[in-house]
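Okay, here's what each chain looks like letter by letter:
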Amino acid sequence: DAGVIQSPRHEVTEMGQEVTLRCKPISGHDYLFWYRQTMMRGLELLIYFNNNVPIDDSGMPEDRFSAKMPNASFSTLKIQPSEPRDSAVYFCASSLGPGVETQYFGPGTRLLVL
Amino acid sequence: AQSVTQLGSHVSVSEGALVLLRCNYSSSVPPYLFWYVQYPNQGLQLLLKYTSAATLVKGINGFEAEFKKSETSFHLTKPSAHMSDAAEYFCALTGGSQGNLIFGKGTKLSVKP
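Residues numbered from 1 in each chain as written. Chains lettered and ligands numbered in written order. Predicted model: local features only at pLDDT ≥ 70, side-chain atom pairs only at ≥ 80, totals over all residues. Heavy atoms only, no water.

**Let's talk about the pairing of strand 5 (residues 42-50) of chain A**
Residues and elements named next belong to chain A. The element strand 5 is largely enclosed, with a buried count of eight among its nine residues. Here eight bridges tie strand 4 (residues 31-38) to strand 5, and the two strands are oriented antiparallel to one another. Bridge assignment links Tyr35 to a residue of strand 5, and that residue is Leu45. Connecting strand 4 to the antiparallel partner strand 5 that follows it, the hairpin turn spans three residues. As defined by bridge partners, strand 5 adjoins strand 6 (residues 53-56) across three bridges and the pair is classed as antiparallel. Note on strand 6: the bridge partner recorded for Tyr48 is Asp56. Remark: two residues form the turn of the hairpin made by strand 5 and strand 6, two consecutive strands paired antiparallel; Asn51 in that turn has positive phi of roughly 50°. (Buried < 20%, exposed > 50% of the residue type's maximum accessible area, 1.4 Å probe, protein only. Helix = DSSP H or I, 4+ residues; strand = E, 2+ residues; numbered from the N terminus. Pairing = 2+ DSSP bridges.)

**Quick look at the sheet that holds strand 3 (residues 19-24) of chain A**
As a general point, the strands of a sheet are linked pairwise by backbone hydrogen bonds and lie either parallel or antiparallel. All names here are of chain A. Spatial ordering of the open sheet is given by 1-3-8-7, a layout of four strands whose pairing is antiparallel. The sheet is open, and its two edges are formed by strand 1 (5-7) and strand 7 (65-71), each paired on a single side. For this sheet, the mean angle separating the axes of adjacent strands, direction not counted, is 15°. Pairing of strand 3 with strand 8 (residues 74-79), which is carried by five bridges, proceeds in the antiparallel orientation. Its bridge partner being in strand 8, Leu21 is matched across the sheet by Leu77. (Axes fitted to C-alpha atoms, helices over the stretch in contact; angles between N-to-C directions.)

**Quick notes on the layout of surface pockets**
Of the volumes computed, that of the largest pocket is approximately 640 Å³. In terms of lining, the largest pocket is formed by 27 residues, of which the most central are A:Gln37, A:Met39, B:Gln38, B:Glu88 and B:Lys108. Listing elements by their share of the lining of the largest pocket, those giving two or more residues are strand 4, strand 5, strand 9 (88-95) and strand 11 (109-113) of chain A together with strand 9 (87-95) and strand 11 (107-112) of chain B. Taken together, the residues of the lining of the largest pocket sort by class into 11 nonpolar, 11 polar and five charged. Roughly 170 Å³ of volume is contained in the second largest pocket. Lining the second largest pocket are A:Arg41, A:Gly42, A:Leu43, A:Glu44, A:Leu45, B:Asn100, B:Leu101, B:Ile102, B:Phe103, B:Gly104 and B:Lys105. Where the lining of the second largest pocket is concerned, the elements lending two or more residues are strand 5 of chain A together with strand 10 (102-103) of chain B. The element best represented in the lining of the second largest pocket is strand 5 of chain A, accounting for four residues. Taken together, the residues of the lining of the second largest pocket sort by class into five nonpolar, three polar and three charged. (1 Å grid on protein atoms, 1.4 Å probe; cavity = no way out; pocket = protein on both sides within 12 Å on 5 of 7 lines; lining within 4 Å. Points joined across faces, edges and corners; volume = space filled by probe spheres on them. Nonpolar A, V, L, I, M, F, W, Y, C, P; charged D, E, K, R; others polar.)

**Focus on the packing of aromatic side chains**
The geometry of two aromatic rings is summed up by the distance between their centres and the angle between their planes. Counted under the stated rule, the structure contains 16 aromatic pairs over all chains. For the ring pair A:Tyr31 and A:Phe33, a centre distance of 6.3 Å and an interplane angle of 20° mean the geometry is stacked. By way of ring pairs, the aromatic residues A:Tyr31, A:Phe33, A:Tyr35, A:Tyr48, A:Phe91, A:Phe105, B:Phe34, B:Tyr36, B:Phe90 and B:Phe103 are connected into one cluster. (Phe/Tyr/Trp six-rings, centres within 6.5 Å; stacked < 30°, edge-to-face > 60°.)

Put into structure tokens, the structure is as follows:
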């Protein structure tokens, strides 16, 4: 398997623009996670899905952030409008299940909002 | 509430020396504990995980960790550091049927020749 695929790998945009990050999980994995990594806050969970249904979105910072999973092989994380404080590395991860199951991480999208 | 504390944001060792990265946790349910490694500009890769089957867990690249409930610790060790071990290491926690991982702040390991 190709692993978790994320696109784009790098994104530079201007404040106020819409940003869409994409993720393809490992085939057969029922759980999909979006994390954000910053120097100040470390790795924090934004939202996760089980069988395409959002389970916990308590980490989504504000209404400017939204995430969807229209099918088992694709998810998006959208920021509209973007702000400089959204600059971070965004990771997508997938797993077979909760708890003890290993989460497999994608390479991340490095976002810079000017 | 659950939390993970990694002592030392930066650890430096000489090549061939013992590596010890510390992780303490707090959990109201029996925990599952993980160590992940992140190389520069890459995603996280699992090193090892504690699933309650055995307290001493062996992982990839010669790393191992010991779960000590009385000390609420899950420290990561490697007997002899290699230059290729230079990376950032994250301890993480989850419990029961909980989906999400709670991560520590990470420890950046440097290996001197």
